[in-house]
Number of protein chains: 2
Amino acid sequence: MTQTETQHLAETPLDALRHELEDLLGERLQTGQAIREQHANTATGRGTQAPDMVTWPETTEEVSRILRACWTHGVPVIPFGAGSSLEGQLNAPRGGVSVDMSRMAQVLEVRDEDLLAVVQPGITRKRLNEELRATGLTFPIDPGADASVGGMCATRASGTNAVRYGTMADNVLALEVVLADGTVVRTGSRAAKSSAGYDLTRLMIGSEGTLGVITEATLRLRGIPETVLGGIAAFPDLDSAVSAVILLVQMGLDIGRVELLDGMQIRACNAYSKLDLEETVTLFFECTGSEAVARDTAETFAELARDAGATHIDWSTDPDTRSKLWQARHDAYWAALALRPGCKGLVSDACVPISALAANIAAAQEDLQAKGLIGTILGHVGDGNFHVVLMTDPEDADEARRVEDFLHGVTLRAQAAGGTCTGEHGIGQGKIGALAEEAGPAVAVMRAVKQALDPKNILNPGKIFEVSQ
Amino acid sequence: MTQTETQHLAETPLDALRHELEDLLGERLQTGQAIREQHANTATGRGTQAPDMVTWPETTEEVSRILRACWTHGVPVIPFGAGSSLEGQLNAPRGGVSVDMSRMAQVLEVRDEDLLAVVQPGITRKRLNEELRATGLTFPIDPGADASVGGMCATRASGTNAVRYGTMADNVLALEVVLADGTVVRTGSRAAKSSAGYDLTRLMIGSEGTLGVITEATLRLRGIPETVLGGIAAFPDLDSAVSAVILLVQMGLDIGRVELLDGMQIRACNAYSKLDLEETVTLFFECTGSEAVARDTAETFAELARDAGATHIDWSTDPDTRSKLWQARHDAYWAALALRPGCKGLVSDACVPISALAANIAAAQEDLQAKGLIGTILGHVGDGNFHVVLMTDPEDADEARRVEDFLHGVTLRAQAAGGTCTGEHGIGQGKIGALAEEAGPAVAVMRAVKQALDPKNILNPGKIFEVSQ
């Protein structure tokens, strides 16, 4: 037996895998601790569980070969987009290989006549819209962070435009996915709708990397509206603001966006984004279309907001005014954190039937007070989705327990109202228990699907639900 | 051994099942030939393959017990809604139990504030909208037939409103489903959006009864618009009509409906529905919203239709005029069949990227001529979905071959253009080969999911794909 053979026999599966992947990727495989930790759990408050190595594939073929190798050796695979997930989706509790998609970030094709683009998963939403600028088209899904398209697919992301354009589930026509054993499949087509068999595209959207690694997405684009009109409506209290939203949803008014910020969040935005708004519950809204349509929509909305009790309404078509407002909305999370220097942000994500929205938000506000916690409220209210941005002291163990109780309460109240523990952030590690409560026996169906497509449980294990090994 | 025991031992699984189900259902189990044949393959041109018995459950519990019994005895289950499917979805190639949902047809709950209704699967879309009338809300999905909600879920149906409101995939929030072994699960929630684990609702939508029997659906409703304005735009040729649609889609104009009818279809509608339209390619359109918005949308559309070459444009807010027009559109299939008395109708269902629509329709028209077939064109053109309604002679075997070739050609051209063999009718038995061509290795993923959820292959076997026994 030669020395090489001896070494080979002594190799662990992980060593053997590393050697194979080094041959395939060279410098595009890294094992340094800092890099590994950067690829785990980047934007959450949970403890970091680093993968064993990080890879940067450049082609679908390479992703397939990485997965085939991981499959052979039974080593976990954790797909990595922009690192902006919030529920521990990127942690590697069993170690394994992080597959960083940042080198697969091209727009492969834009078909303006068909309002679609084919992109690689590593491209971020801002970069995509920059590349689309010349076409007059846009991809409207806008989570708070500058997430990657692949990550947005994986968490079924949405954002402020969902009330008009839907979520990732409504705006992805087709995917290319590498399955656990390295097989490459394409789901969907370029048609706007289809009844051709099981909806595998939507099975993959929201599966958080547990069923396959997304290597290409065909996205539905929208024309940039002729006129965009943005404004604010200030209300004396939460109930009146939510009433205005209920009325607009019931009327079927095609509002572009409608976001709720509570008084404390307005205070934060005033300070951080140099606004001068009254510190009370406020709706940021946007109306789009031809000038006549945008104006008529805004007037209708203003009327019903006034009926609901709005004390001040203001809007503008001036791009600078609008963009200052919406930039402030997009920076709201950072503005909130700036209220408590040195704090760590944690964000809840309940989504409820709209009739239950005011009560759910009010209960959250009361519970913040009762538990002595500091948080602001931000809501994609047209969808019944609201976030509490908690400013927590990472060193205070007692506060951490109160925060955990608080977040659990938000989830329980949403579920009791027929809603869900997560409107757009996903389950990850953070909401495994909440999903089990919410979905009940349906979790067994999810597990059966997982078992069918990934029998060795190598794809992002320990996320969404536990799988017994 | 008593005689009863001997009989028992000699029983086939089917006999044993029948005895169990008779005990459970009494008169609500029937085995007469006429009833069995009525429950197979009701609206298609394919040969009839009748089930062995027909059942009429009245509760989810009864559906669960029927499935548990079928599971135990390994006997197929074929869910039955209104019998309006077009691709042989209701045939029973291996016999089995038809589960007719017509006695589970109630609206269980309407929540107007939340714009949702919880219904049983047997209710038809027209009946549902009658029951909703007093609320000012509507469920907009409108396939040609008065289908059941359960059937519409199962085939991922759509219709003329999909360009504005989407398909069944976009308008069902939650389902109750009985799985192959009788387990009852609930998918989704009452929230407008969710990232809570795998999207089982959308996995079930379009699964054609092969993954479970739907026993309840939570539907998203819409407000009936303040103003509805309906009209027609006549064009000299197909290209100019489709150009107008491409422009409107690119502008993101919120049209309510836009349907294309070719000259021969207009001739059929004139005769059948007593209209007086010019016999040329025509778009039927509808604009909705406040009066100002509807009118502005119609004017914008009229302008771009004229730019595209429309020779005549006319619209009205008068409910009688509008409803005569749209009733004619809804009766277009019957109008077409009336062109050739005694004929049998067969309908294609390609859906393509809109840039390929004119060429795909033109090629179909040319191929009709080349093959000596008679057919009209009807298109949900905003989605790129078009139907050829073929009027065939059921006695003419040579024509039947040409029809089959023609339909295959429609599918092949759609797939070559990046589209799909079915926009809204599903796969059933009729398009198993077409799906295999279109989805390639993804069919193996569908089969793996099927195997995981229905390992005995008792749920509507022989549909969507073949499963080796």
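Per an unreviewed UniProt entry, chain A carries the name D-lactate dehydrogenase (cytochrome) and comes from Pseudooceanicola antarcticus. What UniProt records for chain A under Cofactor (unreviewed entry) is the sentence "FAD". We quote the UniProt Sequence similarities (unreviewed entry) comment for chain A here in full: "Belongs to the FAD-binding oxidoreductase/transferase type 4 family."

Participant: Can you tell me about the interface of chain A and chain B, naming the residues and giving the values?
Facilitator: With 78 residues of chain A at the interface, the matching set in chain B holds 78 residues. Of the roughly 6,000 Å² buried at the junction of chain A and chain B (both faces included), carbon and sulfur atoms supply 60%. Per-residue buried area on chain A facing chain B is highest for Lys-193, Ser-195 and Tyr-198 of chain A; these three make up 16% of the total on that side. On inspection of chain A and its partner chain B, the count reaches eight salt bridges. A salt bridge links Asp-383 of chain B to Lys-193 of chain A; the shortest N-O distance between them is 3.5 Å. Across the chain A-chain B interface, the total number found is 35 residue pairs in polar contact (both at pLDDT 80 or more). Mapped by element, the contributors of at least two residues to the side of chain A that touches chain B are helix H7 (162-165), helix H8 (168-171), strand E9 (184-188), helix H9 (200-204), helix H10 (238-251), helix H12 (291-308), helix H17 (432-439) and helix H18 (442-453) of chain A. If one sorts the elements of the side of chain A that touches chain B by residue count, H18 of chain A sits on top with eight residues. The residue makeup of the side of chain A that touches chain B, split by class, is 34 nonpolar, 25 polar and 19 charged.

Participant: Tell me about the relation of the copies chain A and chain B, and name the residues and values.
Facilitator: Mapping chain A onto chain B leaves a residual RMSD of 0.0 Å; the transformation is a rotation of 180° accompanied by 0.0 Å of translation along its axis. Here the symmetry operator amounts to a two-fold rotation axis. Most of the interface of chain A is mirrored in chain B, where 100% of its interface residues are also at the interface.

Participant: Can you tell me about the sheet that holds strand E1 (residues 29-30) of chain A, naming the residues and giving the values?
Facilitator: As a general point, the strands of a sheet are linked pairwise by backbone hydrogen bonds and lie either parallel or antiparallel. All names here are of chain A. Taken in spatial order, the four strands line up as E1-E2-E4-E3 in an open sheet, and their pairing is mixed. Single-partner strands in this sheet number two, and they are E1 and strand E3 (77-80). Inspection of the sheet shows E1 paired to strand E2 (residues 53-55) by two bridges, in the antiparallel sense. Paired with Leu-29 across the bridge in E2 is Thr-55.

Participant: Outline H17 of chain A, supporting the account with residue identities and numerical values.
Facilitator: Among the residues making up H17 of chain A, those that are buried are Ile-432, Ala-434, Leu-435 and Ala-439 of chain A. For H17 of chain A, the angular spread of buried residues about the axis comes to 155°, placing them on one side. For H17 of chain A, the elements touching its buried residues are helix H16 (397-416) and H18 of chain A together with strand E9 (184-188) of chain B. Positioned one or two residues after H17 of chain A, Gly-440 of chain A has a phi angle of 55°, which is positive.

Participant: Residues and numbers for the sheet that holds E9 of chain A, please.
Facilitator: Residue and element names in this part refer to chain A. Taken in spatial order, the five strands make up an open sheet running E5-E6-E10-E8-E9, and their pairing is antiparallel. Two strands in the sheet have a free side with no partner beyond their single neighbour: strand E5 (107-111) and E9. Put simply, the sheet's adjacent strands are angled 15° from each other on average, direction ignored. In this structure, strand E8 (residues 172-178) lies alongside E9, joined through five bridges in antiparallel fashion. If you follow Glu-176 over to E9, its bridge partner there is Arg-186.

Participant: Now, about the side chain of Arg-202 of chain A: what can you tell me, with residues and values included?
Facilitator: Among the structural elements, Arg-202 of chain A can be located in helix H9. Of note is the side chain of Arg-202 of chain A, whose polar atom sits 3.0 Å from the side chain of Asp-170 of chain B. Among all residues touching Arg-202 of chain A, those that are not within four sequence positions of it are Ala-169 and Asp-170 of chain A together with Ala-169, Asp-170, Asp-199 and Arg-202 of chain B.

Procedures and definitions
- Residues numbered from 1 in each chain as written.
- Chains lettered and ligands numbered in written order.
- Predicted model: local features only at pLDDT ≥ 70, side-chain atom pairs only at ≥ 80, totals over all residues.
- Heavy atoms only, no water.
- UniProt positions renumbered as here; feature names shortened; annotations may be inferred.
- Contact = heavy atoms within 4.5 Å.
- Buried area = accessible area lost by both parts, 1.4 Å probe.
- Salt bridge = Lys/Arg side-chain N within 4 Å of Asp/Glu carboxyl O.
- Polar contact = N/O pair within 3.5 Å; in protein donor to acceptor, adjacent residues only side chain to side chain.
- Helix = DSSP H or I, 4+ residues; strand = E, 2+ residues; numbered from the N terminus.
- Nonpolar A, V, L, I, M, F, W, Y, C, P; charged D, E, K, R; others polar.
- Least-squares fit on C-alpha atoms with pLDDT ≥ 70 in both.
- Pairing = 2+ DSSP bridges.
- Buried < 20%, exposed > 50% of the residue type's maximum accessible area, 1.4 Å probe, protein only.
- Arc of directions from axis to C-beta.
- Axes fitted to C-alpha atoms, helices over the stretch in contact; angles between N-to-C directions.

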